[in-house]
Amino acid sequence: MADSPREGKLSRSPDFVQLIDMASESVGGKIMFATDDFFAPAENLLKSDGPRFKEHEYTEFGQWMDGWETRRRRAPGHDWCIVKLGVQGVIRGFDVDISYFTGSYAPRISIQAANLEADQEPELPERGVRAGVAATPAEWEAVAQLKSDGWDCVVPMTQLTPGKPACSHNYFLVNSLQKWTHVRLNLFPDGGVARLRVYGIGQKDWAAVDPKEPLDLVAIAYGGACVGFSNACFGHPNRMIGVGPPKAVGDGWETARRRDRPPVLQGIEGGGAVLPAGCEWAVFRLAHPGVVTQVEVDTRHFKGSSPASCSLDGCILTTQEEEDMIRQRWDLPGHRWKALLPVTKLSPDESQVFNSLTPELQDVVTHARLTIYPDGGVGRLRLRGFPSSICLLRPREKPMMRFSVKAGFRSNL
């Protein structure tokens, strides 16, 4: 049974929107069932881009709408759909976006969620491309096996509030540590929603991973998260640990230009490189404590704004120490950090892979700090390695391999 979440409606853009959209089509989110898709199919809810409006475009069923819109209900009940999350994990919040549905948005919604095993999921008919239709008897019969009307309620029935026509977000905060795999969006009684964003942090079954295959220990889909940064003017660092390759400049971390740069940049004697002036940083909590053996820094799309160089350091922190560091803006004593990658030159618009220093040091870390010199943008950061619980089980390539874990360390996973 899920712990009882506390929900709250927010009037401004909350911090959780910087997390991964676990339902997006770009990470494998999928509509399993919808009661009705008359004016526009439920698949539109999961589009990764924002909703659009075409004022003078119509289909044979009515105004073209970029979202999910059901017919005006004339029968008992209400409309609802089921989403299978592309990334399974902890949900921090929802965005029920009703942009452009000025006269046809759903008056009220609620959201339920479930954590289903693979064998609990029935075989549902393929939905295909659809419009002007309602759920078939075969779909109703299959979805009944899920008993979704009894799923945990994570957002109670709440009235939606329209904002500006082109920007009408309804945010709902969820305070729960439960893992979820599916959500059910209920419309009361019918209407339209442009997008459903399910923001959260992924969870992975670490006991089931192959001990011989390195994993991205910082991936947000596995539970990694940014817990501090110096600057995020054009993009939050959480974007760096997202799913798949970077799609554009906006799909990465980018800082403002540092104002403390000298008026005229000075080169290093004997070479064309420029002395870095200052730096920016971002700290990440790994999805699982482990040994980082390989570092990938991807600057693709950052052709004129990539950093000159970067470095990576790691440390071990307890949950309490992390909370203390967040309050202190990561003023962690220098001796607590261990070098994983020395200051290394970066090239623009390129994915670059470096060997970590840890194959020699063999230090388990819980947190990593990426430092870029002096500023700029990075599309993706991948820290590949082995979870600490598996490191000791790996075949040892060197007889003197040791794994250092400081006394007092405790995993909260």
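If you're wondering where the values come from, they're calculated on a predicted model, not measured in any experiment. (Residues numbered from 1 in each chain as written. Predicted model: local features only at pLDDT ≥ 70, side-chain atom pairs only at ≥ 80, totals over all residues. Heavy atoms only, no water.)

Quick notes on the confidence of the model for the protein chain
Thinking step 1. Per-residue confidence for the protein chain gives a mean pLDDT of 88, with 88% of residues at or over 70.
Thinking step 2. Taken as a whole, residues 1-8 scores under 50 in pLDDT and shows 25 contacts with residues more than four places along the chain or in a different chain.
Thinking step 3. Considering only residues more than four positions removed or in separate chains, one finds that residues 392-413, a stretch of pLDDT under 50, has 33 contacts. (pLDDT = per-residue confidence, 0-100. Contact = heavy atoms within 4.5 Å.)

Here we look at the nonpolar core
Thinking step 1. By size, the foremost hydrophobic cluster in this structure holds 65 residues, and its most contacted members are Phe94, Ile109, Ile111, Val183 and Leu196.
Thinking step 2. The next biggest cluster of nonpolar side chains, apart from the first, holds 12 residues, and it includes Leu116, Ala142, Leu146 and Trp151. (Core = buried A, V, L, I, M, F, W, Y, C linked by side-chain atoms within 4.5 Å. Buried < 20%, exposed > 50% of the residue type's maximum accessible area, 1.4 Å probe, protein only.)

A few points about the side chain of Ser176
Thinking step 1. Among the secondary structure elements, Ser176 is positioned in the loop between strand 10 (169-174) and strand 11 (179-188).
Thinking step 2. A distance of 3.2 Å separates a polar atom in the side chain of Ser176 from the backbone nitrogen of Gln178. (Helix = DSSP H or I, 4+ residues; strand = E, 2+ residues; numbered from the N terminus. Polar contact = N/O pair within 3.5 Å; in protein donor to acceptor, adjacent residues only side chain to side chain.)

Here's the deal with the packing of aromatic side chains
Given two aromatic rings, their pairing is described by the distance between the two centres and the angle made by the two planes.
Thinking step 1. On inspection of all chains with the given rule, the structure shows 9 aromatic pairs.
Thinking step 2. Ring centres 5.9 Å apart and planes at 40° place the aromatic pair Phe16 and Tyr199 in the tilted group. One end of the pair, Phe16, is in the loop between strand 1 (7-10) and strand 2 (20-21); the other, Tyr199, is in strand 13 (residues 195-202), with 183 residues separating them in the sequence.
Thinking step 3. Judged by centre distance (5.3 Å) and plane angle (65°), the rings of Phe38 and Phe61 are edge-to-face. A residue pair is termed long-range when its members are at least 10 positions apart, and Phe38 in the loop between strand 3 (30-34) and strand 4 (58-59) and Phe61 in the loop between strand 4 and strand 5 (62-63) qualify at 23 residues.
Thinking step 4. We classify Phe38 as buried; its relative accessible area is 19%.
Thinking step 5. Chaining the aromatic ring pairs together yields one cluster made of Phe16, Tyr171 and Tyr199.
Thinking step 6. In this arrangement the basic side chain of Lys54 is found over the ring face of Trp64, its NZ or CZ atom lying 4.5 Å from the centre.
Thinking step 7. One residue, Arg369, lies across the ring of Trp337, its end atom 4.4 Å from the ring centre. (Phe/Tyr/Trp six-rings, centres within 6.5 Å; stacked < 30°, edge-to-face > 60°. Lys NZ or Arg CZ within 6 Å of the ring centre and 35° of its normal.)

What about the layout of surface pockets?
Thinking step 1. A volume near 1,100 Å³ is recorded for the largest pocket.
Thinking step 2. Together, 34 residues line the largest pocket, and Arg92, Ile201, Gly223, Ala225 and Arg285 are the ones closest to its centre.
Thinking step 3. Elements that contribute at least two residues to the lining of the largest pocket include exactly strand 7 (79-97), strand 10, strand 13, strand 15 (225-229), strand 17 (280-298) and helix 2 (319-327).
Thinking step 4. In terms of residue count, the dominant contributor to the lining of the largest pocket is strand 15 (5 residues).
Thinking step 5. As a volume, the second largest pocket reaches approximately 660 Å³.
Thinking step 6. Lining the second largest pocket are 26 residues, with Leu19, Ile20, Asp21, Ser48 and Asp251 positioned closest to its centre. (1 Å grid on protein atoms, 1.4 Å probe; cavity = no way out; pocket = protein on both sides within 12 Å on 5 of 7 lines; lining within 4 Å. Points joined across faces, edges and corners; volume = space filled by probe spheres on them.)

What about the pattern of salt bridges?
Thinking step 1. Evaluated as defined, the whole model comprises 24 salt bridges.
Thinking step 2. With its nearest N and O atoms 2.6 Å apart, the salt bridge here joins Asp260 to Arg258.
Thinking step 3. The exposure class of Asp260 is partly exposed, given its relative accessible area of 45%.
Thinking step 4. Owing to a relative accessible area of 18%, Arg258 belongs among the buried residues under this scheme.
Thinking step 5. Arg300 is the partner of Asp298 in a salt bridge, and the nearest nitrogen-oxygen pair spans 2.5 Å.
Thinking step 6. You can call Arg300 partly exposed: its relative accessible area is 33%. (Salt bridge = Lys/Arg side-chain N within 4 Å of Asp/Glu carboxyl O.)

Focus on the pairing of strand 11
Thinking step 1. Burial analysis of strand 11 places 9 of its 10 residues in the buried class, the great majority of the element.
Thinking step 2. One ladder, built from 8 bridges, connects strand 7 with strand 11; its direction is antiparallel. Across the sheet, the residue bridging to Lys84 is His182, located in strand 11. (Pairing = 2+ DSSP bridges.)

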